[in-house]
Amino acid sequence: QVRLTESGGGLVEAGGSLRLSCAASGSTFGSFNTGWFRQAPGKEREFVAGISWSGSRTEYSDSVQGRFTISRDTAKTTLYLQMNGLKPVDTARYYCAATQDLMLLGGTPREYDYWGQGTQVTVSS
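Residues numbered from 1 in each chain as written. Predicted model: local features only at pLDDT ≥ 70, side-chain atom pairs only at ≥ 80, totals over all residues. Heavy atoms only, no water.

## Regarding the overall build of the protein
When its secondary structure is counted, the protein shows 0 helices and 11 strands. Start at the N end of the protein and walk to the C end: the helices and strands fall as β-β-β-β-β-β-β-β-β-β-β. Taking 2.2 N^0.38 as the reference for a compact globule, 125 residues should give roughly 14 Å; the C-alpha atoms of the protein span a radius of gyration of 13 Å, in line with that estimate. The principal-axis extents of the C-alpha atoms in the protein amount to approximately 40 × 25 × 25 Å. (Helix = DSSP H or I, 4+ residues; strand = E, 2+ residues; numbered from the N terminus. Rg over C-alpha atoms; globule rule 2.2 N^0.38 Å.)

## Remarks on the state of the cysteines
A full pass over the atoms with the stated rule returns 1 disulfide. A sulfur-sulfur separation of 2.1 Å characterises the disulfide bridge that pairs Cys22 with Cys96. Since a negative S-S torsion denotes a left-handed disulfide, the Cys22-Cys96 link at about -75 degrees is left-handed. Of this pair, Cys22 sits in strand β3 (residues 18–25) while Cys96 is found in strand β9 (residues 92–99), placing the two residues 74 residues apart along the sequence. A residue is classified by how much of its surface remains accessible, and Cys96, at 0% relative accessible area, is buried. (Disulfide = S-S within 2.5 Å. Buried < 20%, exposed > 50% of the residue type's maximum accessible area, 1.4 Å probe, protein only.)

## Regarding the nonpolar core
The biggest cluster of nonpolar side chains holds 29 residues, and the ones touching the most others in it are Leu4, Trp36, Leu81, Met83 and Tyr94. Among the elements of the structure, β3, β5 (46–51), β7 (68–72), β8 (78–83), β9 and β11 (119–124) are those that each provide at least two residues to this core. One finds Phe37, Phe47, Ala97 and Tyr112 within the second-largest nonpolar core, a separate group that totals 5 residues. (Core = buried A, V, L, I, M, F, W, Y, C linked by side-chain atoms within 4.5 Å.)

## Quick look at the pairing of β7
The side chains of a regular strand alternate, first on one face of the sheet and then on the other. Only one face of β7 is buried: it carries Phe68, Ile70 and Arg72, and the other face, with Thr69 and Ser71, is open. Here β7 runs beside β8; their pairing, made up of 5 bridges, is antiparallel. Paired with Ser71 across the two strands is Tyr80, which belongs to β8. Here β7 folds back onto β8 in antiparallel fashion, the turn holding 5 residues, of which Lys76 has a positive phi close to 60 degrees. (Pairing = 2+ DSSP bridges.)

## Quick look at the pattern of salt bridges
If you walk through the whole model with that rule in mind, you get 3 salt bridges. With a closest N to O distance of 2.9 Å, Arg38 and Asp90 form a salt bridge. Remark: Asp90 occurs in the loop between β8 and β9 and Arg38 occurs in strand β4 (residues 33–39); sequence separation between them is 52 residues. Asp90 shares its class with Arg38; the two are buried. (Salt bridge = Lys/Arg side-chain N within 4 Å of Asp/Glu carboxyl O.)

Okay, here's the thing in structure tokens:
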């Protein structure tokens, strides 16, 4: 079992940057594939970016490809999401998630086993 805690959200102007962090406790990310999802008001939770347990594979949604970067520290206890070129449409609550399915990158929220409480990102125009 792993507990996830996100941080780093906030209010930023369009074109700005933020870096989200997700700290793992109870286990390391070396046993899970992990990802970032987001949910805007009135919308379904959607996949943003994912990284494999080894760190060798990453995947991004089309909407953030080239602007966001997912990474992990060498101790495999902290997951990051560097967000550059932020747009108002990126406004959402961002969640860190982990899955025991080591073949899965991306996918749907129901395929993930563990979730953090989320951190709010608001991008003003």
